[in-house]
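These are the residues of each chain, in order.
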Amino acid sequence: SFCIWFNADSLHNSQILSSARTNATSFAEFPFSISTSTGGDIVANFSQGNDYSMDASITSTYSATTWTHIAVVYQASTSVSIYKNGTLADSTSIAFNVNQNNRVYRIGSSHYYNNSQYFDGKIGQVQIYSDALSATEVVQNYNATKTNFV
């Protein structure tokens, strides 16, 4: 699971968090990312890592100049969910594992695209968990940290 507080200066295409295999050389080696779009979407993408496609995506929305808490919960071979400010925004079933062994994470830019797609704004806190958080834990995390940002 991943929990992130961010505040975008504008609606733009960027990466908030991405993962890659150490010394990755192709898009297929980038199994996970959380990104923003100019349309105001927050998208979490997951790939099996064996081709150039994203095999599962979940979406929420964001507004510029507003602190937003996003939690992405991955349950191996079961589901991925995205929560916005403690509330479930989207969820989808998956039938594969995202291999996170030997991965490096980049905060605020992409591993791919020549390290571009820089995030334009503030990232206040990033928490990475080894287990899938429950809905109750997501709400507890949001409530415990929101006074720092809103």
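Structure first, text after, so check above.
Analysis parameters
Residues numbered from 1 in each chain as written. Predicted model: local features only at pLDDT ≥ 70, side-chain atom pairs only at ≥ 80, totals over all residues. Heavy atoms only, no water. Helix = DSSP H or I, 4+ residues; strand = E, 2+ residues; numbered from the N terminus. Buried < 20%, exposed > 50% of the residue type's maximum accessible area, 1.4 Å probe, protein only. Pairing = 2+ DSSP bridges. Axes fitted to C-alpha atoms, helices over the stretch in contact; angles between N-to-C directions. Contact = heavy atoms within 4.5 Å.

Novice: Is there a simple way to think about unusual backbone geometry in this case?
Specialist: Most peptide bonds are trans, and most residues other than glycine sit at a negative phi. Although it is not a glycine, Thr65 sits at a positive phi angle of roughly 60°. Position of Thr65 relative to the elements: it lies in the loop between strand E5 (56-61) and strand E6 (68-75). The exposure class of Thr65 is exposed, given its relative accessible area of 59%. A positive phi angle is found at Asn85, which is not glycine, with a value near 50°. Among the secondary structure elements, Asn85 is positioned in the loop between strand E7 (79-84) and strand E8 (87-93).

Novice: I keep staring at the sheet that holds strand E1 (residues 2-8) and nothing clicks. Help me out?
Specialist: Strands sit in the order E8-E7-E6-E1-E10 across an open sheet of five strands; the sheet is antiparallel. Single-partner strands in this sheet number two, and they are E8 and strand E10 (121-128). Taken over all neighbouring pairs, the strand axes of this sheet differ in orientation by 15° on average, direction set aside. The pairing of E1 with E10 spans seven bridges and is classified as antiparallel. Its bridge partner being in E10, Trp5 is matched across the sheet by Gln125. Across the sheet, helix H1 (residues 135-145) lies against E1, E6, E7 and E10, angled at about 155° from E6, the strand it touches most.

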